[in-house]
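# Observations on the model geometry
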Amino acid sequence: MKIGVLTYHRIVNTGAVIQAYAVTKIMQDIFPSAEIEIIDLFPLTMFYKEHRKRVSLRQLKMNKDFIEKQEACVDFISSSMRLSSKRAFFNNGKKAAKWIDTLGYDLVVVGSDTVWELRKPGYAPRGVNPYVLPYNGGYLKASISASMDPIGDTDNDQEVEFKQRMKWIEKFDYLSVRDNATLDFVNQYKSQDLNFNLLPDPTLINGLDGFSDKSALDKIPERILKSKLGGVSMSENYAPKAYKFLKSMGYKTIDVGGRNKKLVDYATPADFSVQQAYAVHSCLDILITDRFHASIFTILQCEAPVFFYEDPEKWKYKNSKGRDLFKLLGVEFMVFRDISLAADNKWVGEKMHAWQKS
């Protein structure tokens, strides 16, 4: 049996490449004798969005951190996952699905990640994108924890676009989505009685046992590692408030995403391997984040309380994948939508106490 996994494996993002890896491991557990590989499709839309980040337009120079992180992700992909023998850059969904048919798969697994996204602009190509496999090929089709986030109000063009996609999604042999927002959306637009299963992120299903490279901890200065360590992984708009609060509470601060070097005592280096970047989460005593996979990586490795910021500008409704994750774990009270709460000693203290009891 030959299985192809179609997902966002070439986005320069630690969470994206680890979720792709986790899907291959899950498939190997289910089909131990199967030949499993990542379908090396890199749509031009995605290719352009990623490669333009190599140059900082603000300062008109090469973005050294991004290039180093890109190299780390590529190294991980080539060393940890088997890729298809051919590579393609199709934006056109039908052409991509026909090309996939030539690779000889018995089963094509789509997901995880936001492969069915409708946001403008997004990573997935517009229209009937490749990740709905718009072609009646010679392979079975399954979605694993597919997602559309973020989902807010959709305009008429997006609704027409998704109705076209649903015609192909309905032809899948097995369907699962990652979050309730996606589940509600597909159930609203389906034209027949279909069973959409709700599955968590594949990194949670797999558990990532033995994945961490603890050599990363040897590179963190001892004076920081032996202190109370507060981690933040947030956008530049909100990170300063979180860091300021953590420092006022006596924490040494670490940016686990490596974004905000000037604000913190330590930031994960861009040239860390994917396994090393994952391991950094294991030393935290607290994490404040708006990043889905940063939450998972911390929860899988330690007992540090994790505060998840559901940005109301991105998530108009209380329906983020982060909220779904925390609800699944019985700790939805750690999700907040008012950034000022991240600096409220009383509120944070109450939530930390509730986390320890849960």
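Scroll up for the structure.
Residues numbered from 1 in each chain as written. Predicted model: local features only at pLDDT ≥ 70, side-chain atom pairs only at ≥ 80, totals over all residues. Heavy atoms only, no water.

### Overview of the nonpolar core
For clarity, the cut-off: The definition of a nonpolar core used throughout is a set of buried Ala, Val, Leu, Ile, Met, Phe, Trp, Tyr and Cys residues joined through side-chain atoms within 4.5 Å. Exposure is judged per residue with a 1.4 Å probe applied to protein chains only, and the accessible area is read against the type maximum: over 50% gives exposed, under 20% gives buried, and values in between give partly exposed. Working rule for contacts: check all heavy atoms of both residues, and any pair within 4.5 Å makes them a contact.
One finds Met 234, Phe 307 and Phe 326 to be the most contacted residues of the largest nonpolar core, which totals 75 residues. Sequence-distant contacts of Phe 326, that is, excluding residues within four places in its chain, are made with Ser 295, Val 306, Phe 308, Val 331, Glu 332, Met 334, Val 335 and Trp 355. Judged by nonpolar contacts, the second largest core, of 43 residues, contains Ala 96, Val 110, Val 186 and Tyr 189.

### A few points about the packing of helix α5 (residues 156-169) against helix α6 (residues 180-189)
Rules: Working convention: axes come from line fits to C-alpha atoms, limited for helices to the stretch in contact. Angles between N-to-C directions cover 0 to 180 degrees. Secondary structure elements are taken from DSSP: a helix is a run of H or I of four residues or more, a strand is a run of E of two residues or more, and numbering for both begins at the N terminus. Working definition: roughly parallel below 35 degrees, roughly antiparallel above 145 degrees, roughly perpendicular at 65 to 115 degrees, and oblique for all remaining angles. Note that Gly is not counted as nonpolar here; it falls among the polar residues with everything else outside the nonpolar set of Ala, Val, Leu, Ile, Met, Phe, Trp, Tyr, Cys and Pro and the charged set of Asp, Glu, Lys and Arg.
The geometry of α5 relative to α6 is characterised by a closest axis approach of 10 Å and an angle of 80° between their N-to-C directions. As the angle between them shows, α5 and α6 are arranged roughly perpendicular. Two secondary-structure elements touch here, α5 through Glu 159, Phe 162, Lys 163 and Met 166 and α6 through Phe 185, Val 186 and Tyr 189. Residue composition of the contact of α5 with α6, by class: 5 nonpolar, no polar and 2 charged.

### Let's talk about the side chain of Lys 49
To be explicit about the condition: Counted as positive: Lys and Arg. Counted as negative: Asp and Glu. His and the chain ends are not counted at all. Should a side-chain nitrogen of Lys or Arg be within 4 Å of a carboxyl oxygen of Asp or Glu, the pair is scored as a salt bridge.
Within the secondary structure, Lys 49 is located in helix α2 (residues 44-51). Although buried, Lys 49 forms no salt bridge, and the nearest oppositely charged side chain, Glu 117, lies 7.9 Å from it. Ignoring any residue separated from it by four or fewer positions in sequence, one finds Lys 49 in contact with Pro 121, Gly 122 and Tyr 123.

### Describing the sheet that holds strand β13 (residues 286-289)
The following threshold applies: For two strands to count as paired, DSSP must find a minimum of two bridges between them.
Judged by pairing direction, the sheet is parallel, and its 6 strands sit side by side in the order β12-β11-β10-β13-β14-β15 without closing on themselves. On the outer flanks of this sheet lie β12 (266-267) and β15 (335-336), each paired with one strand and no other. Here strand β14 (residues 306-309) runs beside β15; their pairing, made up of 2 bridges, is parallel. Directly across from Tyr 309, in β15, lies its bridge partner Phe 336. Across the sheet, helix α13 (residues 345-357) is in contact with β13, β14 and β15; its angle to β14 comes to roughly 125°.

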